[in-house]
Amino acid sequence: MSSTPGLLADVVPSSFVDGPGNRYVVFLQGCSFDCLACHNPHTIGRHATAFTHRVEAADLADEIACVAPFLTGVTVSGGEATVQWEFVRDLFAALRDRPATAHLTRLVDTNGDADPDVWAELVPVMDGAMVDLKAIEPDVHRVLTGHGNDRVLESIRLLDRVGRLAEVRLLVIPGVNDAPEHVDATARWLVALGSCPPVMVLGFRHAGTREVARRFREATPADLTTVVERLREGGVGARRATDPARADR
Ligand code: SF4
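Residues numbered from 1 in each chain as written. Predicted model: local features only at pLDDT ≥ 70, side-chain atom pairs only at ≥ 80, totals over all residues. Heavy atoms only, no water.

(A) Up close: the packing of aromatic side chains. In total, this model carries 1 aromatic pair according to the counting rule given. Taken together, a centroid distance of 5.9 Å and an interplanar angle of 85° make the contact between Phe204 and Phe216 edge-to-face. Taken together, the positions of Phe204 in the loop between strand S8 (199-203) and helix H7 (221-233) and Phe216 in the loop between S8 and H7 put the pair 12 residues apart, joining distant regions of the chain. Phe204 sits in the buried class, given a relative accessible area of 0%. (Phe/Tyr/Trp six-rings, centres within 6.5 Å; stacked < 30°, edge-to-face > 60°. Helix = DSSP H or I, 4+ residues; strand = E, 2+ residues; numbered from the N terminus. Buried < 20%, exposed > 50% of the residue type's maximum accessible area, 1.4 Å probe, protein only.)

(B) Up close: the pattern of salt bridges. Enumeration according to the criterion identifies 15 salt bridges in this entry. One salt bridge connects Asp34 with Arg210, and the closest N-O pair in it is separated by 2.9 Å. Taken together, the residues Asp34 in the loop between strand S2 (23-28) and strand S3 (53-55) and Arg210 in the loop between S8 and H7 connect sequence positions 176 residues apart. A relative accessible area of 42% means that Asp34 is categorised as partly exposed. Here Glu121 makes a salt bridge to Arg89, at a shortest N to O gap of 3.2 Å. Of this pair, Glu121 sits in helix H3 (residues 116-122) while Arg89 is found in helix H2 (residues 85-97), placing the two residues 32 residues apart along the sequence. A residue is classified by how much of its surface remains accessible, and Arg89, at 22% relative accessible area, is partly exposed. (Salt bridge = Lys/Arg side-chain N within 4 Å of Asp/Glu carboxyl O.)

(C) The UniProt feature "domain: Radical SAM core" (unreviewed entry) in the chain, seen in detail. Here the UniProt feature "domain: Radical SAM core" (unreviewed entry) sits at residues 17-239. The straight-line gap between the two end C-alpha atoms of residues 17-239 is 14 Å; of that span, 35% is helix and 18% is strand. (UniProt positions renumbered as here; feature names shortened; annotations may be inferred.)

(D) Focus on the sheet that holds S8. Judged by pairing direction, the sheet is mixed, and its 9 strands sit side by side in the order S3-S1-S2-S4-S5-S6-S7-S8-S9 without closing on themselves. The open sheet terminates on both sides in strands that have one partner only, identified here as S3 and strand S9 (238-240). Neighbour to neighbour, the strand axes of the sheet diverge by 30° on average, direction disregarded. Sheet strands touched by H2: strand S1 (6-15), S2, S3, strand S4 (73-77) and strand S5 (105-110). Its angle to S5, the strand with the most contacts, is close to 165°. (Pairing = 2+ DSSP bridges. Axes fitted to C-alpha atoms, helices over the stretch in contact; angles between N-to-C directions. Contact = heavy atoms within 4.5 Å.)

(E) Looking closely at helix H1 (residues 57-67). Buried within H1 we find Ala57, Leu60, Ala61 and Ile64. In an axial view of H1, the angular spread of the buried residues amounts to 100°, which keeps them on one side of the axis. Among the structural elements, S1, S2, S3, S4 and H2 are those in contact with the buried residues of H1. (Arc of directions from axis to C-beta.)

(F) Inspection of the nonpolar core at higher detail. Ranked by internal contacts, the top residues of the largest apolar core, which has 63 residues, are Leu91 and Leu231. The element contributing the most residues to this core is H2, with 7 residues. In this structure, Leu91 is in contact with Val26, Ala57, Leu60, Ala61, Ile64 and Val76, ignoring residues within four places of it in sequence. By size, the runner-up hydrophobic cluster in this structure holds 13 residues, among which are Ala37, Val140, Leu144 and Phe216. (Core = buried A, V, L, I, M, F, W, Y, C linked by side-chain atoms within 4.5 Å.)

Structure, rendered in structure tokens:
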């Protein structure tokens, strides 16, 4: 079977902030959003640049096999992982089918902007998805990302239903998406899922962002604590990220 090569922005062979344990992280080039607060804006464009490279899924799986004894799993991030879902599917299938890598958990770090057809391809080969929810209010989401959040919310529902929702991630941008009524609405929506998914609260930082993001204030530990406590009061199992410097993809 011929496979689709992936267009990679970068790989990180050992990371403790992109899912549980020690993970090999693949950053794919290209995103469906254009977030004002993006911490990796160079990964948004979908075309090859001097900094990207193409790789076959089988070849990358072979590379990962060399360090697999030291790893807990593999996370595919971006950009947006699902923009190159054929490559993600082929990479995860290759990892699953190789004895040297079969023990690795396979996670997707996603903005949730994917159709059910895409998840139908990925769910059989992945252990879970960590989904960003940029804002529960559609208008705020549109300002932050350029898109509404219907597909994101539907992706979270779908992944929850099929047991592949590893985590929901909330990036707190003070004064933009952390109003008490918005946090309460987020809690109500998550509780209504019925499964109590784990929720990670991260803080916006200026590092790596474009000039347009300097209008936003960086989140302080107190900002994050306020959101976490409010979510918990609403019945959500929220926790703060341990490393605010890797607050977003
Ligand atoms: S923050 Fe994530 S979803 Fe938004 S543009 Fe950047 S890579 Fe894409």
